[in-house]
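# Breakdown of the fold
Here are the chains, one letter per residue:
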Amino acid sequence: MIHDLLKAHDAQFYIQHSGNNNFYYATKFKIPNLAFYIIGVDGTDLLVVPEMEKNRALRESRVKEIASFTDLGYHERFKELKDSKKALSQTLIEILKTHKAKKILIPPDFPAFLALEFLKYFEVEVIQDPFQKMRAIKSKDEIEKIKDTSRAIIESFKFALKLLKNGVRDCDKLRNEIESFLFAKDYLAQDTIVSSGKLSADPHCIGHGKIYEHVIIDIFPKSRKHGYYSDFTRTVILDDCPEIEEMLDAVIEAQQRAISIIKEGITAKEVHYAVCDVLEEKGYHTLRKKYREGFIHSTGHGVGLDIHEEPRIFENEDVLKAGMVFTVEPGLYYRKWGGVRVEDVVVVKKNGCEILTDFPKKIDLRRG
């Protein structure tokens, strides 16, 4: 795919820098330092890392050729130039000139100081990161990793339900317990949403203080072993509130309608509009109708090495493909009563989809 992209743009090289999950996806190498992955139409497949990381890169990376900055003469240039950024720029420029580069492609978040230096020697084009698109379709191994994190989420949610049944009624305490539970099992959860009362009318408010008649619990950890996320939300009914319960029933029906039509070949827009159709039929407001209360966000987002990645399930024409993994998370939010949301992660199949966070939709603890 990268070689086809280079040919389409009449470019010789694409350069990916470290510091994001696209670099890890492309190289299978995690590194806290600045490093570069260089791919060329001439067959170049080169990972450039600091000297102290070279041996580890040789063991762990899937890239064919590994070189350190020392190998490429960085330290000699630094002694001469007395400027680390200029020395780094010249080191990379020399690699590209050696391979007769005329045009290079870089992602939008590429270091600006390097891009400006490259412009002195090459034509430079900023393109959408190609690995982002590649990541939208998950391999079997990636799906298994997301399933693994999904199972951990369900365990932690069951644990949270036990705490609620035992009388825990504080958002901060419940959040801390959920995150500690997951950390002990090697999953990292941060800013877990445990939101109750009128605060829950803000979809991303993590919640604080007393738990009232209902609580939204949105858990989205990543594995500390393999790095893949999953995402799951349930609204728990704890006491009588007819408006909240009616909203929750509508959201559950909307989610089920959307999930029922997901398969390879339909568009993201069709899934989103399936949710809007149900909620509007029941008299609720949606962003599609330009309202600022009701269903006021997209239906879902891709999940993988990042908690938000492609595809986006909204009013876009992106065609779903087998192997895509994303959330289906309709919600309703009204300042007068609060909010409700139900969320599951699904993987697209040729003729349907598989729910990776399978758990009952309606949780009612009023009767024990």
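Read on for a plain summary of the structure. (Residues numbered from 1 in each chain as written. Predicted model: local features only at pLDDT ≥ 70, side-chain atom pairs only at ≥ 80, totals over all residues. Heavy atoms only, no water.)

## Considering helix H10 (residues 242-261)
Under the convention used in this document: Think of it this way: any DSSP run of H or I at least four residues long counts as a helix, any run of E at least two long counts as a strand, and we number them from the N terminus. Take the residue count of a helix, subtract one, and multiply by 1.5 Å to get its expected span. Exposed residues in this analysis have more than 50% of their type's maximum accessible area, buried residues have under 20%, and partly exposed residues fall in between, with area computed by a 1.4 Å probe over protein chains only.
The first and last C-alpha atoms of H10 sit 29 Å apart over 20 residues, in line with the 28 Å expected at 1.5 Å per residue. Looking at H10, one finds that the buried residues are Ile244, Glu245, Met247, Leu248, Ala250, Val251, Ile252, Ala254, Gln255, Ala258 and Ile259.

## Some thoughts on the sheet that holds strand E4 (residues 65-68)
The strands making up a sheet are joined through hydrogen bonds of the backbone, oriented either antiparallel or parallel. Applicable threshold: Each pair of strands is called paired provided DSSP finds at least two bridges between the two strands. Axis lines are fitted through C-alpha atoms, for helices just across the contact stretch, and the angle between N-to-C directions can take any value from 0 to 180 degrees.
The six strands lie next to each other as E4-E3-E2-E1-E5-E6, forming an open sheet whose pairing is mixed. Here the strands that pair on one side only, and so sit at the sheet edges, are E4 and strand E6 (123-126). Geometrically, the sheet is characterised by an average inter-axis angle of 25° between neighbouring strands, direction not taken into account. Pairing between strand E5 (residues 103-106) and E6: four bridges, direction parallel.

## Considerations on the pairing of strand E2 (residues 36-40)
The buried fraction of E2 amounts to five of the five residues, a majority that puts the element mostly inside the structure. The alternating pattern of E2 places Phe36, Ile38 and Gly40 on one face and Tyr37 and Ile39 on the opposite face, and all of these are buried. Two elements, strand E1 (residues 13-17) and E2, share five bridges in a ladder whose sense is antiparallel. For tyrosine 14, the partnering residue across the bridge sits in E2 and is isoleucine 39.

## Describing the pattern of salt bridges
In a structure, side chains of opposite charge can pair up when their charged atoms sit close to one another. Rules: Put simply, a salt bridge is a Lys or Arg side-chain nitrogen that is within 4 Å of an Asp or Glu carboxyl oxygen.
Counting across every chain of the model gives 34 salt bridges. The closest approach of N and O atoms between arginine 366 and glutamate 245, which form a salt bridge, is 3.1 Å. Pair noted here: arginine 366 is in the segment after strand E19 (363-364) and glutamate 245 is in helix H10, with a separation of 121 residues, a long-range link. The network of salt bridges with common partners includes Asp240, Glu245, Asp249, Lys362, Asp364 and Arg366.

## Quick notes on the packing of helix H8 (residues 140-165) against helix H9 (residues 171-184)
Quick reminder of the rule: Crossing handedness is defined as follows: a turn of the near helix away from the far one that is anticlockwise and smaller than a right angle gives a left-handed crossing, while the clockwise case is right-handed. Contacts are assigned to residue pairs that have any heavy atoms within 4.5 Å of one another. Classification convention: Asp, Glu, Lys, Arg as charged; Ala, Val, Leu, Ile, Met, Phe, Trp, Tyr, Cys, Pro as nonpolar; all other residues, Gly among them, as polar.
Relative orientation of the contacting elements H8 and H9 amounts to 145°, with a least axis distance of 10 Å. Regarding H8 and H9, the two cross each other, and that crossing is right-handed. For the pair formed by H8 and H9, the contact residues are Ala152, Ile153, Glu155, Ser156, Phe159, Ala160, Leu163 and Leu164 on the first element and Leu174, Glu177, Ile178, Phe181 and Leu182 on the second. Classifying every residue of the contact of H8 with H9 by side-chain character gives ten nonpolar, one polar and two charged.

## Description of the pairing of strand E16 (residues 338-341)
On E16, burial covers both faces: Gly338 and Val340 on one face and Gly339 and Arg341 on the other are all buried. In this sheet, E16 lies alongside strand E15 (residues 331-334) in antiparallel orientation, the contact comprising four bridges. Looking across to E16, one finds that glycine 331 is bridged to arginine 341. Once E15 ends, the chain turns through three residues before running back antiparallel as E16.

## Points about H9
Counted only if it meets this: By definition, the arc is the one covered by directions from the helix axis to the C-beta atoms. Contacts described as polar in this section are N or O atom pairs within 3.5 Å, which, within protein, must combine one atom able to donate a hydrogen with one able to accept it, while residues neighboring in sequence count only if both atoms come from side chains.
The terminal C-alpha atoms of H9, which comprises 14 residues, lie 20 Å apart, in line with the 20 Å expected from a rise of 1.5 Å per residue. Of the positions making up H9, those classed as buried are Cys171, Leu174, Arg175, Ile178, Glu179, Phe181 and Leu182. For H9, the arc enclosing every buried residue in end-on projection is 155°, short of the 170-degree limit, so these residues lie on one face. Of the residues that open H9, the one with a side-chain oxygen 3.1 Å from the backbone nitrogen of aspartate 172 is aspartate 170. Positive phi shows up at aspartate 186, right after H9, with a value of about 80°.

## Quick look at the sheet that holds strand E8 (residues 193-196)
What the four strands build is an open sheet, ordered E8-E9-E11-E19; its pairing is mixed. Each end of this open sheet is capped by a strand with a single partner; those strands are E8 and E19. Direction of pairing for strand E9 (residues 214-219) relative to strand E11 (residues 232-237): antiparallel, over a ladder of six bridges. Counterpart to isoleucine 219 in the pairing with E11 is phenylalanine 232. The strands touched by H9 are E8 and E9; relative to E8, the strand with the most contacts, the crossing angle is about 160°.

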